[in-house]
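Coordinate inspection notes
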Amino acid sequence: MDPVEEVLNEPAMRAYIHRLIGDEGLNLLEKFPKEGEHSDEDLAASTGINLNSVRHTLYTLYEKRLAEYHRIKNNETGWLTYLWQLRIDHIYDAIRDDMEVVLDKLEHRAQFEEENDFYICNDCHDIFTFTQAMGGDFKCPNCEQPLGHFDNQILVKALRERIESMKKALGHA
């Protein structure tokens, strides 16, 4: 089985790729010739997929290092042709990079949750930091009801558990 087929047959990998490039992108990957380099125009013609969709998919894959290209220049016209090939073997690196970004965001969120005291409107369910609540005399700016203290310890615990799980999966623990 070729590497693209292997990845697309794995549900989690397929879902990851689908999130990146959508239905048309998946369609292109399924129809992408197994050998050699191909221009975007040739890929559009051979797969029946709109050229702009082919280009969008290839550039998105390129950003994740899942596709690469090299350019050739026509000396008569000066036109550049991009010849593409898939590098689906880099998918684990792409997922790892995305997980590192998510981990960083979760760590920042957990720090924000730990460093702040929160208040909630029991009617609107809007949540405010201490500074925001104090600025409004501890009344909801939407409905003028008094704000109550919001205990975010369950959220902090869940964030910390997720962070530790991701660190372990990434080999940071």
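The structure reproduced in this document is the subject of the present report. (Residues numbered from 1 in each chain as written. Predicted model: local features only at pLDDT ≥ 70, side-chain atom pairs only at ≥ 80, totals over all residues. Heavy atoms only, no water.)

Section: the overall build of the protein
In terms of regular secondary structure, the protein is built from 7 helices and 6 strands. Scaling as 2.2 N^0.38, a compact globule of 173 residues should have a C-alpha radius of gyration of about 16 Å, whereas the protein reaches 24 Å, well beyond that. Dimensions of the protein along its principal axes, counting C-alpha atoms only, are 75 × 40 × 25 Å. Buried residues in the protein amount to 32% of all 173 residues. Long-range contacts, defined here as pairs at least 24 residues apart, represent 51% of the contacts in the protein between residues at least 6 apart. A total of about 11,300 Å² of accessible surface is found on the protein, and carbon and sulfur atoms cover 49% of it. The protein carries 19 positive and 33 negative side-chain charges, and their two centres are separated by 2 Å. (Helix = DSSP H or I, 4+ residues; strand = E, 2+ residues; numbered from the N terminus. Rg over C-alpha atoms; globule rule 2.2 N^0.38 Å. Buried < 20%, exposed > 50% of the residue type's maximum accessible area, 1.4 Å probe, protein only. Contact = heavy atoms within 4.5 Å. Areas by Shrake-Rupley, 256 points an atom, 1.4 Å probe, with all protein chains shown as cover. Lys, Arg positive; Asp, Glu negative; His and termini not counted. Charge placed at Lys NZ, Arg CZ, Asp CG, Glu CD.)

As for the sheet that holds strand β6 (residues 147–150)
Consider a sheet: its strands pair through backbone hydrogen bonds, and that pairing is either parallel or antiparallel. Across the sheet, which stays open at both edges, the 3 strands sit in the order β5-β4-β6 with antiparallel pairing between neighbours. Each of the sheet's edge strands pairs with one partner strand only, and the pair in question is β5 (127–129) and β6. Here the strands of the sheet are splayed against their neighbours by 40° on average, with no regard to which way each runs. (Pairing = 2+ DSSP bridges. Axes fitted to C-alpha atoms, helices over the stretch in contact; angles between N-to-C directions.)

Regarding the sheet that holds strand β2 (residues 67–73)
Taken in spatial order, the 3 strands line up as β1-β3-β2 in an open sheet, and their pairing is antiparallel. The open sheet has two edge strands, β1 (38–39) and β2, and neither has a second partner. Pairing geometry for β2 and strand β3 (residues 80–86), over 7 bridges, is antiparallel. Bridged to I72 within β3 is T81.

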